[in-house]
Amino acid sequence: MDVGGAEVAYQVVGQGPPDVILVPGWGHVDLAWEDPLWATFVERLASFGRLIVFDRRGAGASDAIADAAMPTWEEWADDMRAVLDAARSERAVVLAGDESGPIGLMFTAMQPDRVSGLILANTTARYLRADDYPMGIPPEAVDSVVERFRAAWGTPGGAKFAYPSRANDPEFGQRLAQGMRAIATPRSAAAQFRHMIESLDAREALPLIRVPTLVLHSKDNWFYSKQVRYLADHIAGARLVQVPGADTSVAASAPALEEIIEFLTGERPEVEVDRILTTLLFTDIVGSTEQAASLGDQRWRSLLDAHDRTVRDHLRRFRGKEINTTGDGFLASFDGPARAIRCALAISGSTRPLGIDLHLGLHTGECEVRGDDLGGLAVHIAARIAPLAAPGEVLVSSTVKDLVAGSGIDFVERGKHQLKGVPGTWRLYRAAP
């Protein structure tokens with residue numbers, strides 16, 4: 001989408017009403033989905049409305065900007081108007097956090113007929129300290145602050161500033177570093193950050209805001225503690241809510257998400273959530289795309305049907321519960337890890353005569369039960385283990401191995417692994433047939 005001669009990238013997820021526009025800070029509309037916590041946050045939010053996400057000029061999939069042509073805050077706010085027009089949204093709730101807060105504030109004040117509500121999360125109206133604003137960055141410290149920002153940009157060490165809860169997760173650090181490098185170069189990011197510090201002052205917008213406003217603050221995030229109180233004190237009727245945690249982003253905060261949903265719907269969602277300890281099995285066909293291309297649609301469909309029947313026969317035999325299918329694979333749960341392993345071994349042995357090899361991965365953990373579906377970190381772990389299995393191999397986490405001690409099942413160690421999007425290092429084992 002063209003805005004003032006610049007290309008601005010945006011996405012629309014879910015269906016409204018209400019419409020919610022998520023104002024970007026440093027983001028990338030495509031790569032952000034690589035983070036399971038972010039994906040869960042967006043999907044959950046989109047289940048209560050239509051979520052509009054975009055990359056502002058100078059970041060992510062939108063056009064880069066030259067230092068000499070740095071947009072004003074009004075121009076960045078104009079990106080929002082153009083995105084809402086492109087998405088055919090007449091009015092939306094504005095959700096802005098961190099450095100995107102001033103953009104949301106300016107837009108809400110300048111376009112009051114387009115805004116039905118405002119949510120501000122760990123953000124500020126101004127970064128630079130002034131005589132009448134003592135909680136900002138001292139002017140003499142700007143150079144050193146920007147230089148530290150530039151040096152950390154695109155490195156795993158950048159995680160400790162915005163995401164202290166995940167600073168010791170090397171996988172997240174690497175993914176965040178890659179995402180930063182895709183969003184902007186260190187030089188461009190530092191130039192934009194300096195521009196934000198030195199030119200940002202959205203305080204004049206605060207008394208003009210007349211829509212319902214929710215101000216969220218992660219209570220252990222010291223940097224924004226005074227700034228968010230200033231926002232709440234200077235926006236008429238604003239409600240300040242503190243949620244647990246120290247991360248700048250509220251995407252990983254379940255309490256923050258509950259507050260946002262209550263703000264959007266008028267009531268806190270009543271979701272029936274049970275938690276159970278279960279063993280999860282993920283399967284997928286090795287080289288399914290290549291096989292489909294070589295066999296043709298009809299023969300491939302026949303082979304898939306035979307595969308599905310075989311898997312379901314063994315699930316019934318070992319008391320497994322089919323949760324869902326992925327086209328060429330299954331997610332199933334079991335009330336016993338030994339049964340899950342034996343079922344996986346049986347599936348592997350029975351599908352091989354069909355000319356099919358599978359990746360099979362298992363993990364035992366606590367899951368959220370939502371209707372017929374399962375959620376939680378355990379699901380992500382099992383999903384990450386399966387692709388690491390060799391063709392026909394049943395790969396299990398150390399949790400599964402430890403739980404079946406004395407069952408007679410043998411294991412061969414497969415070493416330590418980093419699971420994408422999952423904290424820590426995981427020791428995996430091959431279950432011997």
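The rules behind the values
Residues numbered from 1 in each chain as written. Predicted model: local features only at pLDDT ≥ 70, side-chain atom pairs only at ≥ 80, totals over all residues. Heavy atoms only, no water. Helix = DSSP H or I, 4+ residues; strand = E, 2+ residues; numbered from the N terminus. Buried < 20%, exposed > 50% of the residue type's maximum accessible area, 1.4 Å probe, protein only. Contact = heavy atoms within 4.5 Å. Areas by Shrake-Rupley, 256 points an atom, 1.4 Å probe, with all protein chains shown as cover. Lys, Arg positive; Asp, Glu negative; His and termini not counted. Charge placed at Lys NZ, Arg CZ, Asp CG, Glu CD. Expected span 1.5 Å × (residues − 1). Polar contact = N/O pair within 3.5 Å; in protein donor to acceptor, adjacent residues only side chain to side chain. Pairing = 2+ DSSP bridges. Axes fitted to C-alpha atoms, helices over the stretch in contact; angles between N-to-C directions. Phe/Tyr/Trp six-rings, centres within 6.5 Å; stacked < 30°, edge-to-face > 60°. Disulfide = S-S within 2.5 Å. Parallel < 35°, antiparallel > 145°, perpendicular 65-115°, else oblique. Left-handed = near helix turned anticlockwise from the far one by under 90°. Nonpolar A, V, L, I, M, F, W, Y, C, P; charged D, E, K, R; others polar. Core = buried A, V, L, I, M, F, W, Y, C linked by side-chain atoms within 4.5 Å. Salt bridge = Lys/Arg side-chain N within 4 Å of Asp/Glu carboxyl O.

Caption draft 1: Up close: the overall build of the protein. The helix and strand tally for the protein stands at 14 helices and 17 strands. Across its three principal directions, the C-alpha atoms of the protein cover 75 × 40 × 40 Å. Counting over 433 residues, the protein shows a buried share of 52%. Within the protein, contacts between residues separated by at least 24 positions form 73% of all contacts whose residues are at least 6 apart in sequence. Looking at the protein as shown, the accessible area adds up to about 19,500 Å², and 50% of this sits on carbon and sulfur atoms. Across the protein, the 45 positively charged side chains and the 57 negatively charged ones have centroids separated by 5 Å.

Caption draft 2: Just unusual backbone geometry, in detail. Its identity is not glycine, yet Asp-98 carries a phi of approximately 55°, on the positive side. Secondary-structure assignment places Asp-98 in strand β6 (residues 92-98). Phi is positive for Asn-122, close to 45°, though the residue is something other than glycine. Inspection of the secondary structure puts Asn-122 in strand β7 (residues 115-123). The class of Asn-122 is buried, set by a relative accessible area of 0%.

Caption draft 3: Structural detail: helix α11 (residues 297-317). Under the 1.5 Å per step criterion, the end-to-end length of α11 is 30 Å for 21 residues, consistent within 8% with the ideal 30 Å. Turning to α11, its buried residues are Trp-300, Leu-303, Leu-304, Ala-306, His-307, Asp-308, Thr-310, Val-311, His-314 and Leu-315. Phi turns positive, to about 60°, at Arg-319, one or two residues after α11.

Caption draft 4: Quick look at the environment of Glu-393. Along the chain, the position of Glu-393 falls in the loop between α13 (377-385) and β15 (394-397). Exposure remark for Glu-393: the relative accessible area of 8% places this residue in the buried category. C-alpha of Glu-393 to C-alpha of His-363: the two residues are 30 residues apart in sequence and 14 Å apart in space. At 2.8 Å, the side chain of Glu-393 forms a polar contact with the backbone nitrogen of Ala-390.

Caption draft 5: Representation of the sheet that holds strand β8 (residues 213-218). Strand order across the open sheet formed by seven strands is β3-β5-β4-β6-β7-β8-β9, with mixed pairing between neighbours. Two strands close off the open sheet at either side, each with one partner strand: β3 (10-13) and β9 (239-243). With strand direction ignored, the average angle separating the axes of adjacent strands in the sheet is 20°. Sheet topology places β3 next to strand β5 (residues 50-54); four bridges connect them, and they run antiparallel. By the bridge assignment for β5, Tyr-10 is matched with Phe-54.

Caption draft 6: Summary view of the packing of aromatic side chains. The final tally for this structure, using the stated rule, is ten aromatic pairs. A ring pair is formed by Trp-26 and Trp-153, whose centres lie 5.0 Å apart and whose planes are at 65°; its orientation type is edge-to-face. Here the residue Trp-26 occupies a position in the loop between β4 (19-23) and α1 (36-46), and Trp-153 occupies one in the loop between α4 (142-152) and α5 (159-162), the gap between them amounting to 127 residues. Residue class for Trp-153 comes out buried when judged on its relative accessible area of 7%.

Caption draft 7: Main features of the state of the cysteines. Under the counting rule described, the total for this entry stands at zero disulfides. Note on Cys-343: no disulfide assigned, nearest cysteine sulfur contributed by Cys-367 at a separation of 17 Å. Look at Cys-367 and you get buried, because its relative accessible area is 0%.

Caption draft 8: Molecular detail of the packing of α1 against helix α9 (residues 254-265). The geometry of α1 relative to α9 is characterised by a closest axis approach of 11 Å and an angle of 20° between their N-to-C directions. On the basis of the axis angle, α1 is roughly parallel to α9. Between α1 and α9 lies a crossing whose hand is right-handed. Only Leu-257, Ile-260, Ile-261 and Leu-264 of α9 make contact with α1, whose side of the interface consists of Phe-41, Arg-44 and Leu-45. Here the contact of α1 with α9 is composed, by residue class, of six nonpolar, no polar and one charged.

Caption draft 9: Local environment of the nonpolar core. By size, the foremost hydrophobic cluster in this structure holds 62 residues, and its most contacted members are Ile-21, Leu-105 and Ile-197. Filtering out sequence-adjacent residues up to four positions away, Leu-105 remains in contact with Leu-118, Leu-120, Thr-124, Ala-125, Ala-202, Ala-205, Leu-206, Ile-209, Leu-231 and Ile-235. In this structure, Leu-303, Leu-360, Val-394 and Tyr-429 belong to the second largest nonpolar core, which totals 29 residues.

Caption draft 10: The arrangement of the side chain of Ser-100 in detail. Tracing the sequence through the fold places Ser-100 in the loop between β6 and α3 (101-110). Ser-100 gets classed as buried once you look at its relative accessible area, which sits at 0%. Apart from the residues within four sequence positions on either side, Ser-100 is in contact with Val-23, Pro-24 and Gly-25.

Caption draft 11: Summary view of the pairing of β8. Burial of β8 is extensive: six of the six residues sit out of reach of the surface. Examined bridge by bridge, β7 and β8 share four bridges and lie parallel to one another. Within β8, the residue paired with Leu-118 across the bridge is Thr-213. As defined by bridge partners, β8 adjoins β9 across five bridges and the pair is classed as parallel. Among the inter-strand pairings, His-217 is bridged to a residue of β9, identified as Gln-242.

Caption draft 12: Main features of the pattern of salt bridges. This model, assessed by the stated rule, comprises 21 salt bridges. When the shortest N-O distance is used, the salt bridge between Asp-19 and Arg-50 registers 2.9 Å. Placement of Asp-19 in strand β4 and of Arg-50 in strand β5 is noted, with a sequence separation of 31 residues between them. Taken together, the shared-partner salt bridges connect Asp-78, Arg-81, Asp-85 and Arg-114 into one network.

Caption draft 13: Fine view of the side chain of His-417. Position of His-417 among the secondary structure elements: in strand β16 (residues 411-418). The class of His-417 is buried, set by a relative accessible area of 18%. A distance of 2.9 Å separates a polar atom in the side chain of His-417 from the backbone oxygen of Arg-414. Once you skip the residues sitting within four places of it in the chain, His-417 turns out to touch Leu-388, Gly-424, Thr-425, Trp-426 and Leu-428.

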